[in-house]
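Observations on the model geometry
Single-letter residue listing:
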There are 2 protein chains.
Amino acid sequence: MGTGGSMPTKYRGLPSVVLRRGSELLMFDCGEATQRQMGAAKLGFNKKMRIFISHMHGDHVLGLPGLFQSMSFLGRQQKLEIFGPDGIAEFIEGVNNTVKFNQRFELEVHSINPGKILDAPEYTIIADNLEHGIECLGFTLIEKEKPGRFDLEKARNLQIPEGPLWKKLQAGGTIIIGDKEFGPKDVLGHPRSGSKITYITDTRPCDSALELAKNSTFLIHDSTFDNSKSDKAKECGHSTAQEAATVAKKAQAQNLVLFHISAMYEDASHLLEEAKKIFQDTSLAYDLMKLPIKNP
Amino acid sequence: MGTGGSMPTKYRGLPSVVLRRGSELLMFDCGEATQRQMGAAKLGFNKKMRIFISHMHGDHVLGLPGLFQSMSFLGRQQKLEIFGPDGIAEFIEGVNNTVKFNQRFELEVHSINPGKILDAPEYTIIADNLEHGIECLGFTLIEKEKPGRFDLEKARNLQIPEGPLWKKLQAGGTIIIGDKEFGPKDVLGHPRSGSKITYITDTRPCDSALELAKNSTFLIHDSTFDNSKSDKAKECGHSTAQEAATVAKKAQAQNLVLFHISAMYEDASHLLEEAKKIFQDTSLAYDLMKLPIKNP
């Protein structure tokens, strides 16, 4: 949604990433005006949705109240889940007590600690502490293994008739034909591993960031500054593009996305160049960028 | 800054109007992402500034925290004054207690009641209750009379030498030349009346709106809906374009600006047509529109 840092510019809004996974939206951070970008991206305001907040700096969290207001305005009724560090519940409560909108959906707010923060049927989400001066969490979403692909030839060789019985096997059930019992293992290939999507901002490079990032399909990483500003990155608890690339390389990530670009860069293409010297499969995020994620 | 209502669209941000008066900025409402528009308009974040909030619906107030954060980020040190209805102080306090930014400037928050809410050297600001279902204030800024123009011919005829003595008279002082005393009335024309700028949203047309709007140089008025939606306007406590024009006409305003346009209109030009049938000197606000205001 937005890819800038600290302050919005003409070109970059404040940080927010949405992972669209089937019919569910998973949002990481929600900077001011994220709702407007969601509208532009036509993501919908009535979907199943979970929001993960890295830390309580305003540029990462101030889009929440406006999003709630628009969801209410559009008649959302289903629950919205928010996961964030200490202070997130008080922030939301404080705003909801003073700003008026007819909220008719349930807000389920989780103040989280490092570790496995969510175990959904198809994925887990793990959070860990980053290094940013105040409490700040990185997140990784790990898809669970999926059943292997249905082997048509095997099924035919076993003389299992096409139709409902195939579906039952594919869904993990067992079937009986005559005196023979067949299970999923008879017709399905090897289980397929899912994707791993990691969101790490705002932070210095650190062990926990590296651990979260390991083997990520996509690593979205703080890349606030270029090389010449490495001292400023240390001072402010951010990373340079080169540092982000080093994390991606060490973590053996498949793809790196440079994110949270400082407002000082109108053109940040040199950040991309600096990162690519270390990690080739890098892209520079821009607002409303879409990245298709294909499962292996 | 933003001219939409309730929800941002591709074309219109959330409501905020800035009156630039000399070196001072006077802001009316501060919808989400107003800080980004301020950046685009190059208004500056370190100026003398006063902000007036009409009511506590999120679309009118949720831009404040992000604005405070960016002001802090840019090193603002001088005081910022906020005027608003009940709840404004609690909202700001709640956000500032939970969202982290190193605010180093003083925030002076005034919870206001109808009446004269500010008496500055060059203008007064009057607020009054509107009709919107919740407490909602309209504002009018009335410039005080300015001294008349300096009459060069008169000064020369009185044989007052050009230079410091002219300046002193112009500034309201008296001077003595020989045994003669001269005052401003000897060399200045009639006092000049200032402009009157009125900001009225969100509301049904009402007596207090009309009273605030009387003889305005510019009347910025709620114009959420077109004629076909007049029932909806009543239901939601808003005005149609035609109702805004009727207020402008009755109030003998000089100019009307249609404002707070519903997100349902991608093209709102028919609202302008409807209003112009009643009040010719109407314009339809668009984001970052600039209107020069010349004193009579």
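Cut-offs applied
- Residues numbered from 1 in each chain as written.
- Chains lettered and ligands numbered in written order.
- Predicted model: local features only at pLDDT ≥ 70, side-chain atom pairs only at ≥ 80, totals over all residues.
- Heavy atoms only, no water.
- Domains from an automatic or database assignment.
- Axes fitted to C-alpha atoms, helices over the stretch in contact; angles between N-to-C directions.
- Helix = DSSP H or I, 4+ residues; strand = E, 2+ residues; numbered from the N terminus.
- Parallel < 35°, antiparallel > 145°, perpendicular 65-115°, else oblique.
- Contact = heavy atoms within 4.5 Å.
- Nonpolar A, V, L, I, M, F, W, Y, C, P; charged D, E, K, R; others polar.
- Buried < 20%, exposed > 50% of the residue type's maximum accessible area, 1.4 Å probe, protein only.
- Patch = residues over 30% accessible without salt bridge, like charges linked within 9 Å, V, L, I, M, F, W, Y side chains within 5 Å.
- Areas by Shrake-Rupley, 256 points an atom, 1.4 Å probe, with all protein chains shown as cover.
- Salt bridge = Lys/Arg side-chain N within 4 Å of Asp/Glu carboxyl O.
- Lys, Arg positive; Asp, Glu negative; His and termini not counted.
- Charge placed at Lys NZ, Arg CZ, Asp CG, Glu CD.
- Left-handed = near helix turned anticlockwise from the far one by under 90°.
- Least-squares fit on C-alpha atoms with pLDDT ≥ 70 in both.
- pLDDT = per-residue confidence, 0-100.
- Buried area = accessible area lost by both parts, 1.4 Å probe.
- Pairing = 2+ DSSP bridges.

Here's the deal with the domain arrangement of chain A
Split into domains, chain A comes out as domain 1 (17-146 + 193-284) and domain 2 (152-187). Put simply, the middle of domain 1 of chain A and the middle of domain 2 of chain A, counted by C-alpha atoms, are 43 Å apart.

Looking at the packing of helix α4 (residues 88-98) of chain A against helix α4 (residues 88-98) of chain B
Direction vectors running N to C along α4(A) and α4(B) enclose 175 degrees, while the axes themselves pass 9 Å from each other. By the angle between their directions, the pair α4(A) and α4(B) is classed as roughly antiparallel. Judged by residue contacts, Glu90(A), Phe91(A), Val95(A) and Thr98(A) of α4(A) engage Glu90(B), Phe91(B), Val95(B) and Thr98(B) from α4(B). Class assignment for the residues of the contact of α4(A) with α4(B) results in four nonpolar, two polar and two charged.

A closer look at helix α3 (residues 64-73) of chain A
Each full turn of the α-helix corresponds to 3.6 residues, which orients residues three or four apart in the same direction. All names here are of chain A. Most of α3 sits out of view: nine of its 10 residues are buried. For α3, the set of buried residues is Leu64, Pro65, Gly66, Leu67, Phe68, Gln69, Ser70, Met71 and Ser72. Downstream of α3 by a residue or two, Gly75 has a phi angle that is positive, lying close to 80 degrees.

As for a negative patch on the surface
Residue and element names in this part refer to chain A. A contiguous patch of negative charge on the surface is contributed by Asp86, Glu90, Glu93 and Glu135. Tracing the chain through its elements places Glu135 in the loop between β8 (123-129) and β9 (137-143). For Glu135, a relative accessible area of 34% gives the class partly exposed.

Description of the pattern of salt bridges
All told, the structure shown has 20 salt bridges over all chains when counted by the stated rule. The shortest N-O distance in the salt bridge between Glu81(B) and Arg50(B) comes to 3.0 Å. One end of the pair, Glu81(B), is in strand β5 (residues 80-84); the other, Arg50(B), is in strand β4 (residues 48-52), with 31 residues separating them in the sequence. According to the relative accessible area criterion, Glu81(B) is buried, its value standing at 8%. One network of salt bridges, with partners in common, ties together Arg21(A), Glu122(A) and Glu143(A).

What about the packing of α3(A) against α4(A)?
Residues and elements named next belong to chain A. The geometry of α3 relative to α4 is characterised by a closest axis approach of 10 Å and an angle of 55 degrees between their N-to-C directions. It follows that α3 is oblique to α4 by the angle criterion. The crossing of α3 and α4 is right-handed. Across the interface between the two elements, Leu64, Pro65 and Phe68 of α3 pack against Ile88, Phe91, Ile92, Val95 and Asn96 of α4.

Quick notes on the relation of the copies chain A and chain B
Between chain A and chain B, the superposition needs a rotation of 180 degrees and an axial shift of 0.0 Å, giving an RMSD of 0.0 Å. Viewed as a symmetry operation, the transformation between the two copies matches a two-fold axis. No C-alpha of chain A approaches the rotation axis more nearly than that of Gly94(A), which lies at 2.5 Å. A high fraction, 100%, of the interface residues of chain A reappear at the interface in chain B, so the copies pair face to face through one surface.

Digging into the confidence of the model for chain A
Averaged over every residue, the pLDDT of chain A is 95; residues scoring 70 or more account for 99%. In the model output, the complex is listed with pTM 0.89 alongside ipTM 0.87.

A word on the environment of Phe101(B)
Within the secondary structure, Phe101(B) sits in the loop between α4 and β6 (107-111). Separated by 28 residues in sequence, Phe101(B) and Phe73(B) have C-alpha atoms that sit 8.0 Å apart.

Here we look at the interface of chain A and chain B
Each partner contributes residues to the interface: chain A has 37 residues there, and chain B has 37 residues. For the pairing of chain A and chain B, the buried interface totals around 2,700 Å² over both sides, and the portion due to carbon and sulfur atoms is 63%. When the area that chain A buries against chain B is broken down by residue, the three leading residues are Met7(A), Glu32(A) and Arg36(A), summing to 24%. The interface formed by chain A and chain B contains zero salt bridges.

Focus on the sheet that holds strand β2 (residues 17-21) of chain A
Residues and elements named next belong to chain A. A sheet is described by the order of its strands in space; here five strands give the open sequence β2-β3-β4-β5-β6, paired in mixed fashion. Here the strands that pair on one side only, and so sit at the sheet edges, are β2 and β6 (107-111). Neighbour-to-neighbour, the strand axes of this sheet turn through a mean angle of 15 degrees, independent of strand direction. Where strand β5 (residues 80-84) meets β6, five bridges bridge the pair, whose relative direction is parallel. When the bridges of β6 are listed, Gly84 appears paired with Ser111. Of the strands in this sheet, β5 and β6 are in contact with α4, which crosses β6 at around 145 degrees.

Description of the pairing of strand β14 (residues 255-259) of chain B
All names here are of chain B. Judged by how many residues are buried, β14 sits mostly within the fold: four of five residues are covered. In this structure, strand β13 (residues 218-222) lies alongside β14, joined through five bridges in parallel fashion. Its bridge partner being in β14, Leu219 is matched across the sheet by Leu256. Pairing analysis gives three bridges linking β14 to strand β16 (residues 282-284), with the strands arranged parallel. For Leu258, the partnering residue across the bridge sits in β16 and is Leu284.

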